[in-house]
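Residues per chain, in single letters:
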Amino acid sequence: MLDTLTFGFLGGGNMASALIGGLIARGVPAASIRVVDPFAEARERLARVFGVQTLEAPDAAFGGSDVLVLAIKPQQFHEAAAQLAPQMAARQGGGGLVISVAAGIRLEDMQRWFGGHARLVRAMPNTPALAGMGMTGLAAVAGLSAQDRDIATAVAEAVGQCIWVEGDAQIDAVTAISGSGPAYVFYFIEAMERAATELGLTAEQGRKLAVQTFRGAASLADQSTEPVATLRERVTSKGGTTYAALTTMDAGGIADVFVRAMHAAAARGKEMGAEFGRARSADENKAGNP
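Residues take numbers from 1 onward in each chain, read along the sequence in its written order. Residues qualify for local features only when their pLDDT is at least 70, as the model is predicted, and side-chain atom pairs are given and counted only at 80 or more; totals for whole chains, interfaces and linings, by contrast, use all residues. Hydrogens and waters are ignored; side-chain quantities use all the structure's heavy atoms.

- Per an unreviewed UniProt entry, the chain is named Pyrroline-5-carboxylate reductase, and its organism is Cupriavidus pauculus.
- UniProt positions are given in the numbering used here, feature names are shortened, and annotations may be inferred rather than shown by experiment. What UniProt states about the chain under its Pathway (unreviewed entry) heading is, verbatim, "Amino-acid biosynthesis; L-proline biosynthesis; L-proline from L-glutamate 5-semialdehyde: step 1/1."
- For the record of the chain, the UniProt heading Subcellular location (unreviewed entry) holds the text "Cytoplasm".

### Details of the pairing of strand S7 (residues 134-140)
Across a regular strand the side chains alternate sides, sitting on one face of the sheet and then on the other.
Link 1 in the chain: Most of S7 is tucked away, with 6 of its 7 residues classed as buried.
Link 2 in the chain: Two strands pair under a simple rule: DSSP has to find at least two bridges between them. For the purposes of this entry, the term helix denotes a DSSP run of H or I that reaches at least four residues, the term strand denotes a run of E that reaches at least two, and both are numbered from the N terminus. Pairing between strand S6 (residues 120-124) and S7: 4 bridges, direction antiparallel. Note that in S7 the partner of Met-124 across the bridge is Gly-137.
Link 3 in the chain: As judged from the 5 bridges shared by S7 and strand S8 (residues 160-164), these two strands associate in the parallel manner. For every residue, the accessible area (1.4 Å probe, protein chains only) is compared with the maximum for its type, and the residue is labelled buried under 20%, exposed over 50%, or partly exposed between those bounds.

### Remarks on the pattern of salt bridges
Link 1 in the chain: The salt bridge definition used is simple: a Lys or Arg side-chain nitrogen within 4 Å of an Asp or Glu carboxyl oxygen. Inspection of every chain in the model, using the stated rule, returns 12 salt bridges.
Link 2 in the chain: A salt bridge links Glu-44 to Arg-48; the nearest nitrogen and oxygen atoms lie 3.0 Å apart. Taken together, the positions of Glu-44 and Arg-48, both in helix H2 (residues 40-50) and 4 residues apart, correspond to about one turn of that helix.
Link 3 in the chain: In this structure, Arg-122 engages Asp-168 in a salt bridge whose closest nitrogen and oxygen atoms are separated by 2.6 Å. With a gap of 46 residues between them, Arg-122 in strand S6 and Asp-168 in helix H7 (residues 167-179) connect regions that are remote in the sequence.
Link 4 in the chain: Accessibility expressed as a relative area gives 3% for Arg-122, which makes it buried.
Link 5 in the chain: For Asp-168, a relative accessible area of 16% gives the class buried.

### Considerations on the sheet that holds S6
Two orientations exist for strands paired in a sheet by backbone hydrogen bonds: parallel and antiparallel.
Link 1 in the chain: Overall, mixed pairing links the 8 strands, which are arranged S3-S2-S1-S4-S5-S6-S7-S8 in an open sheet. Bordering the open sheet on either side are strand S3 (53-55) and S8, each of which pairs with just one other strand. With strand direction ignored, the average angle separating the axes of adjacent strands in the sheet is 20°.
Link 2 in the chain: Contacting strand S1 (7-10), strand S2 (33-36) and strand S4 (67-70), helix H1 (residues 14-25) crosses the sheet at an angle of about 165° to S1.
Link 3 in the chain: The sheet strands contacting helix H6 (residues 146-157) are S1, S4, strand S5 (97-100), S6, S7 and S8, and the helix crosses S8 at an angle near 145°. Lines are fitted to the C-alpha atoms to define the axes, a helix being fitted only along its stretch in contact, and any angle between axes, read from their N-to-C directions, falls within 0 to 180 degrees. Here, residues are in contact when the closest pair of their heavy atoms is within 4.5 Å.

### Some thoughts on the environment of Glu-233
Link 1 in the chain: Tracing the sequence through the fold places Glu-233 in helix H10 (residues 228-235).
Link 2 in the chain: Looking at Glu-233, the relative accessible area reads 48%, which means it is partly exposed.
Link 3 in the chain: Each C-alpha atom, one on Glu-233 and one on Tyr-243, is 9.3 Å from the other, the two residues being 10 residues apart in sequence.

### Concerning the packing of aromatic side chains
Link 1 in the chain: Pairing of aromatic side chains requires ring centres within 6.5 Å, counting the rings of Phe and Tyr and the six-membered ring of Trp. Pairs whose planes differ by under 30 degrees are stacked, by over 60 edge-to-face, and all others tilted. The full count for this structure, using the stated rule, is 5 aromatic pairs.
Link 2 in the chain: On the numbers, 6.1 Å between centres and 80° between planes, the contact of Tyr-187 with Phe-188 is edge-to-face.
Link 3 in the chain: The interplanar angle of 85° and the centroid separation of 5.8 Å between the aromatic rings of Phe-188 and Phe-258 together place this pair among those described as edge-to-face. Within this pair, whereas Phe-188 is found in helix H8 (residues 181-198), its partner Phe-258 is found in helix H12 (residues 254-286), the two being separated by 70 residues in sequence.
Link 4 in the chain: On the basis of relative accessible area, Phe-188 is assigned to the partly exposed category, the value being 29%.
Link 5 in the chain: Members of the aromatic cluster, joined through ring pairs, are Tyr-184, Tyr-187, Phe-188 and Phe-258.

### As for the environment of Thr-54
Link 1 in the chain: Within the secondary structure layout, Thr-54 lies in strand S3.
Link 2 in the chain: Sequence separation between Thr-54 and Arg-34 is 20 residues, and the spatial gap between their C-alpha atoms is 5.6 Å.
Link 3 in the chain: Setting aside its immediate chain neighbours within four residues, Thr-54 contacts Val-35, Arg-43, Leu-46 and Ala-47.

### A short note on the nonpolar core
Link 1 in the chain: Grouped together as the largest cluster of nonpolar side chains are 35 residues, with contacts concentrated most on Leu-2, Phe-7 and Phe-9.
Link 2 in the chain: Counting only elements with at least two residues in this core, the list comes to S1, H1, S2, S4, S5, S6, S7 and H6.
Link 3 in the chain: With 6 residues, H1 is the largest single contributor of residues to this core.
Link 4 in the chain: Buried residues of nine kinds, namely Ala, Val, Leu, Ile, Met, Phe, Trp, Tyr and Cys, make up a nonpolar core once their side-chain atoms join them within 4.5 Å. Within the second largest apolar cluster, 28 residues are counted, among which are Leu-84, Val-98, Val-165 and Ile-171.

### Here's the deal with the environment of Ile-189
Link 1 in the chain: Its location among the elements puts Ile-189 in helix H8.
Link 2 in the chain: The exposure class assigned to Ile-189 is buried, which follows from its relative accessible area of 11%.
Link 3 in the chain: When the C-alpha atoms of Ile-189 and Arg-207 are compared, they prove to be 7.2 Å apart, with 18 residues separating the residues in sequence.
Link 4 in the chain: Look past the residues within four positions of Ile-189 in its chain and what remains in contact with it is Ala-210, Val-211 and Phe-214.

### Focus: the UniProt feature "binding site: NADP(+)" (unreviewed entry) in the chain
Link 1 in the chain: Cross-referencing UniProt, the feature "binding site: NADP(+)" (unreviewed entry) maps to Leu-10, Gly-11, Gly-12, Gly-13, Asn-14, Met-15, Ala-71, Ile-72, Lys-73 and Pro-74 in the present numbering.
Link 2 in the chain: Position of Met-15 relative to the elements: it lies in helix H1.
Link 3 in the chain: A relative accessible area of 18% places Met-15 in the buried class.
Link 4 in the chain: Setting aside anything within four residues of it in sequence, one finds Met-15 in contact with Pro-125, Asn-126, Thr-127, Ala-129 and Leu-130.
Link 5 in the chain: By the element assignment, Pro-74 lies in the loop between S4 and helix H4 (77-89).
Link 6 in the chain: For Pro-74, a relative accessible area of 15% puts it in the buried group.
Link 7 in the chain: Setting aside its immediate chain neighbours within four residues, Pro-74 contacts Ala-102, Ala-103, Ile-105 and Phe-276.

What follows is the structure, given as structure tokens:
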């Protein structure tokens, strides 16, 4: 399905590069991908590594792409939408599918800034996409066609797995769980490395033990149909070493703190969406726009 489409990437950073590499690996011709990035060094790298077309700024052909992936900073989104909307409107048959990976930009604001465009998807990937093992949450404006959902799914699966959720509130939850999730894993790996050195192992040994333990445990949980609690209980013999460790964590309220941390992340995601939407609405009002 994807190999018959044209793609325009606004932004050529790490996430865009991961998606571009994943799409090409799945059969999308490099010639069908155009990337806009203001930095010459980034454009040279993208052309050299992937063989894609690169531009300093969007042109009419870019705005007429079948799929537009906006991999830009949220502060740049409103300006980008204002620039792209007329080019998309000029496309025969209407504008293409827009997939945003800009954190904090709500669907309702996207739709307003794109002049009521109805082919909009908000995506929240995470950094393991750089290793082809990403997890992406997807949400769409009401009425998105099944074909567009299939396209967005295929784009996300070019760098891992994905799930569809309902609206911005659930994307905020996805952000808290998987979008920010790699940082939580790295946080625990750091702690395990520190414990390893305090217990007489080298930092290199500690890192290898921690990373492989996370990788193996995650794979086991993925392959098992049993509750994760059951898997945990099987490792925990009362009075044993694992029991001593988990009892210490429970005494410190680690699980409760961890859950509160993700609630805080979700709340901050909601705040960011409101802040970006309010700021741009104020700008629009000053300019006399509806």
